[in-house]
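Fold and contact review
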Amino acid sequence: MKQPLKYYKNNIIGAMNLLEVMASHGCYQLVFSSSCTVYGNPSSLPITESHPTGNITNVYGRTKYFIEEILRDVANSEKRWNIVSLRYFNPIGAHSSGLIGEDPTTNFSNLMPYIAQVALGKKPSLSIYGGDYATPDGTGIRDYVHVMDLAEGHVAALKKLQSKHLHLQVYNLGSGQGTSVLDFIKTFEKVTGIKVPYTIEARREGDIASMYANCDFAKFDLGWTAKYTLEDMCRDFWKWQTMNPNGYKSNDTTSMNGKADRH
Ligand SMILES: CC(=O)N[C@H]1[C@@H](OP(=O)(O)OP(=O)(O)OC[C@H]2O[C@@H](n3ccc(=O)[nH]c3=O)[C@H](O)[C@@H]2O)O[C@H](CO)[C@H](O)[C@@H]1O
């Protein structure tokens, strides 16, 4: 929210440059990483791909929305383009080896890495942003999906693009399950055996109450469904986090990845 031009420059100018370079080399096949944020504050749940887009609550989401619009124009103007846009819901988790995951050393504000930092003792407690939403327990509801399921979704999209000319097709990739922040904490505590202290704070600017996906179209057209549970997501993220408490920092002696680099 604080640096809109950085987001626009990086995401939109970057996407335009990529499209130009691809076309100049005769490459017209693309899988775009979009986001459920393109739906904005949803008017109906679960969200299908036909739900209107554009009523966005944050800059990052707006860049994803604008890029989807650019892709639509580009695909309409040149029939050789064959594009899939995957609208991820909330990707979390890590590779089950514990060797590949989200680097917690960079700036972050997402729920999963924050909870893990609290569980590690690196942060004193979790701030829950809003306990007064119109949801069963008052906390925000999201559709968390394992990153390995998303990876499978990409493979399914590539196979589809190779077998059929779609021009431009969008798919939701989510678990289809809505989970509140309090339910998330309970699951994390059950999986790790570690208590996560929290306080309920004011709502975060740009947040919405509730969103979760209808993924029937991805199932029908790509043969894809999410297989991992929230327990799996917490287990795999925790394994990555405990094996690499300082992320990919190469001089970190406790990092598995750091050790592997030196052998
Ligand atoms: C406003 C914002 O940054 N939105 C981004 C965030 O969506 P989300 O806000 O959906 O993801 P998130 O992981 O930041 O938050 C998930 C839920 O946990 C809540 N929560 C989160 C952190 C925390 O310390 N305490 C807490 O209560 C939050 O209010 C929400 O209800 O991530 C998405 C990718 O996954 C997209 O990048 C979204 O644009």
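Right, let's walk through the structure included here. (Residues numbered from 1 in each chain as written. Predicted model: local features only at pLDDT ≥ 70, side-chain atom pairs only at ≥ 80, totals over all residues. Heavy atoms only, no water.)

We now examine the pattern of salt bridges. On inspection of all chains with the given rule, the structure shows 12 salt bridges. Put simply, arginine 80 and glutamate 78 hold a salt bridge, and the shortest N to O gap is 3.2 Å. Since its relative accessible area comes to 24%, glutamate 78 is described here as partly exposed. Here lysine 160 ties to aspartate 221 by a salt bridge, and the two come within 3.5 Å at their closest N and O atoms. Of the two residues, lysine 160 sits in helix α4 (residues 147-163) while aspartate 221 sits in helix α6 (residues 216-222), which places them 61 residues apart along the sequence. In this structure, lysine 160 and aspartate 221 share a single accessibility class: buried. The structure contains a network of salt bridges with shared partners spanning Arg142, Arg204 and Asp207. (Salt bridge = Lys/Arg side-chain N within 4 Å of Asp/Glu carboxyl O. Buried < 20%, exposed > 50% of the residue type's maximum accessible area, 1.4 Å probe, protein only. Helix = DSSP H or I, 4+ residues; strand = E, 2+ residues; numbered from the N terminus.)

In total, this model carries 8 aromatic pairs according to the counting rule given. Centre to centre, the rings of tyrosine 28 and tryptophan 81 are 5.0 Å apart; their planes meet at 80°, and the pair counts as edge-to-face. Of this pair, tyrosine 28 sits in the loop between α1 (4-24) and β1 (29-35) while tryptophan 81 sits in the loop between α2 (59-77) and β2 (82-88), placing them 53 residues apart in sequence. Just as tyrosine 28 is buried, tryptophan 81 falls in that class too. (Phe/Tyr/Trp six-rings, centres within 6.5 Å; stacked < 30°, edge-to-face > 60°.)

The next point concerns helix α3 (residues 111-120). Where burial is concerned, most of α3 is hidden: 8 out of the 10 residues are buried. Turning to α3, its buried residues number three or more, namely Leu111, Met112, Pro113, Ile115, Ala116, Gln117, Val118 and Ala119. Taken from the residues just after α3, glycine 121 is the one with a positive phi, measuring 90°.

Consecutive residues of a regular strand have side chains that alternate between opposite faces of the sheet. Counting buried positions over the 6 residues of strand β7 (residues 168-173) gives 5, a clear majority of the element. Note: β2 against β7, 6 bridges, orientation parallel. Paired with serine 85 across the strands is valine 170, a residue of β7. (Pairing = 2+ DSSP bridges.)

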